[in-house]
Amino acid sequence: MTQSAAPQRAAVWFEIPVSDLKRGMAFYGSVLQAELSLDETGANPTAVFPSLDPMQAGHLYPGKPATGGIGPTVHLAVSDPIEAALERVTEAGGKVVSPVITIPPGRFAYCVDPDGNSFGVFV
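Residues numbered from 1 in each chain as written. Predicted model: local features only at pLDDT ≥ 70, side-chain atom pairs only at ≥ 80, totals over all residues. Heavy atoms only, no water.

Here the structure, examined in full by the defined rule, presents 2 salt bridges. Close ionic contact of Arg23 with Asp115 constitutes a salt bridge, the shortest N to O distance being 3.0 Å. Here Arg23 is found in helix 1 (residues 21-32), whereas its partner Asp115 is found in the loop between strand 8 (106-112) and strand 9 (118-122), with 92 residues between them in sequence. A relative accessible area of 37% places Arg23 in the partly exposed class. Judged by relative accessible area, Asp115 falls into the partly exposed class, the value being 29%. (Salt bridge = Lys/Arg side-chain N within 4 Å of Asp/Glu carboxyl O. Helix = DSSP H or I, 4+ residues; strand = E, 2+ residues; numbered from the N terminus. Buried < 20%, exposed > 50% of the residue type's maximum accessible area, 1.4 Å probe, protein only.)

This is the structure:
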């Protein structure tokens, strides 16, 4: 068996299912203070998160996870104090479900969006 080189990135794309694409765009746009762009070029419309690297980005899509179950937790970067981002989560209809957790690379907290998806905000 030949060993191949490790990929440059472990994660390359994420998808978050939402029941209402416009509401999802408004929620995540408010939390991140960034506009998601609507892409209607594929089989289904998606709302793409802003990213400088298109190979490390993601989108919202209308529907449910392919497995029909629960999935991983995506952590999204915010640029201002995490406490301000957590206020925006609540104001936009989500829930903060953990205290702020400090680790060597930064600070984060777990949250849940209006569709029940787990996500984290990270500074």
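Read on for the rest.
As a further point, take helix 2 (residues 82-91). All of the buried residues along helix 2 are Ile82, Ala85, Leu86, Arg88 and Val89. With its buried residues spanning 155° around the axis, helix 2 presents them on a single face. Where helix 2 is buried, its residues contact helix 1, strand 6 (95-96), strand 8 and strand 9. Following helix 2 by one or two positions, Gly93 adopts a phi angle in the positive range, close to 105°. (Arc of directions from axis to C-beta. Contact = heavy atoms within 4.5 Å.)

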